[in-house]
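What follows is the residue order along each chain.
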Amino acid sequence: MINKRLQLVYHPDNVSKAIIYDLVKNYDIVINIIQARILPDEEGKLVMDIKVSKKSALDQALKYLNNEGIDVTILEKSIAYNQEACVHCGACTGLCKAEALIMDKTSWELLLDQENCLLCGMCVSACGFNALSLETNGDNYV
Ligand code: SF4
Ligand code: SF4
């Protein structure tokens, strides 16, 4: 199963099209709308999480959106670590069930393993020094 967060930007000429209906019906995509601002005859923006079983279906859906004139950005989240702000107190490691945050037993400095990170965000609120944050980066699909 492929999970993605997409941002769609509608334009006045396509804002009234049944885009979400088509995605569900024709591409077998499960959609959870996170945020939407769609008004008649205006530019609109919608952010949604999608689940799709095959990459080929995702590619076809993205092509369909492109053909309909919808601007699509694939949003990717990651955990950002500001080493300069970190005082290596270790408070975040106890909350990280994925063991993506561990203390180096030799240097006693914090180590972050992005591969193990589940993007749960628990560590962000645990850090009183704002050394950890969830970031969303966008890749435009054209
Ligand atoms: S809680 Fe913050 S300051 Fe402490 S080790 Fe984790 S990132 Fe560093
Ligand atoms: S976001 Fe969750 S899994 Fe990732 S480093 Fe923080 S606590 Fe660990």
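Refer to the structure presented above.
Notes on the structure in this doc start here. (Residues numbered from 1 in each chain as written. Chains lettered and ligands numbered in written order. Predicted model: local features only at pLDDT ≥ 70, side-chain atom pairs only at ≥ 80, totals over all residues. Heavy atoms only, no water.)

### Thoughts on the packing of helix α1 (residues 19–27) against helix α2 (residues 55–67)
How we decide: The axes are straight lines fitted to the C-alpha atoms, using for helices just the contacting stretch, and the angles between their N-to-C directions are given from 0 to 180°. Put simply, DSSP marks the helices as runs of H or I at least four residues long and the strands as runs of E at least two long, and each gets a number from the N terminus on. Angular relationships are summarised with four words: roughly parallel below 35 degrees, roughly antiparallel beyond 145, roughly perpendicular across 65 to 115, and oblique for the angles in between. Note: crossing handedness is left-handed where the near helix turns anticlockwise from the far helix by less than a right angle, and right-handed where it turns clockwise. Residue contacts are counted whenever heavy atoms from the two residues lie within 4.5 Å of one another. Any residue that is not Ala, Val, Leu, Ile, Met, Phe, Trp, Tyr, Cys, Pro, Asp, Glu, Lys or Arg is counted as polar, Gly included; the first ten are nonpolar and the last four charged.
Contact pair α1 / α2: the axes reach a minimum separation of 11 Å and the direction vectors enclose 150°. Of the possible angle classes, the one that applies to α1 and α2 is roughly antiparallel. Classified by chirality, the crossing of α2 by α1 is right-handed. Side by side, α1 and α2 meet where I19, D22, L23 and Y27 of the first sit next to A57, Q60, A61, Y64 and L65 of the second. Looking at side-chain class alone, the contact of α1 with α2 contains seven nonpolar, one polar and one charged residues.

### Side note on the environment of T136
Mapped onto the fold, T136 is located in strand β7 (residues 132–141). Sequence-wise, T136 and G44 are 92 residues apart; in three dimensions their C-alpha atoms are separated by 20 Å. Setting aside residues no more than four positions away along its own chain, T136 makes contact with L75, E76 and K77.

### Some points on the site of ligand 1
Put simply, the rule reads: Whether a residue is near a molecule or strand is decided by its heavy atoms; if any one of them lies within 4 Å of it, the residue is near.
Lining the immediate environment of ligand 1, one finds C86, V87, H88, C89, G90, A91, C92, L110, C127, F129, A131 and L132. Considered class by class, the residues forming the shell around ligand 1 number 10 nonpolar, two polar and no charged.

### Points about the site of ligand 2
In the vicinity of ligand 2, the residues found are I79, C96, A98, A100, L101, C117, L118, L119, C120, G121, M122 and C123. Taken together, the residues of the shell around ligand 2 sort by class into 11 nonpolar, one polar and no charged.

### Points about α1
Rule in force here: For every residue, the accessible area (1.4 Å probe, protein chains only) is compared with the maximum for its type, and the residue is labelled buried under 20%, exposed over 50%, or partly exposed between those bounds. Directions pointing from the helix axis toward each C-beta atom define the arc.
Looking only at α1, the buried set comprises I19, L23 and Y27. What you see down the axis of α1 is that its buried residues fit within an arc of 45°, all on one side. In α1, those exposed residues whose orientation departs by more than 90 degrees from the buried face are Y21 and K25. Looking at the buried side of α1, the elements it contacts are β1 (2–10), β2 (30–37), β3 (44–52) and α2. Note on α1: the residue one or two positions beyond its end, D28, has a positive phi of about 55°.

These values are about where atoms sit, not about what they do.
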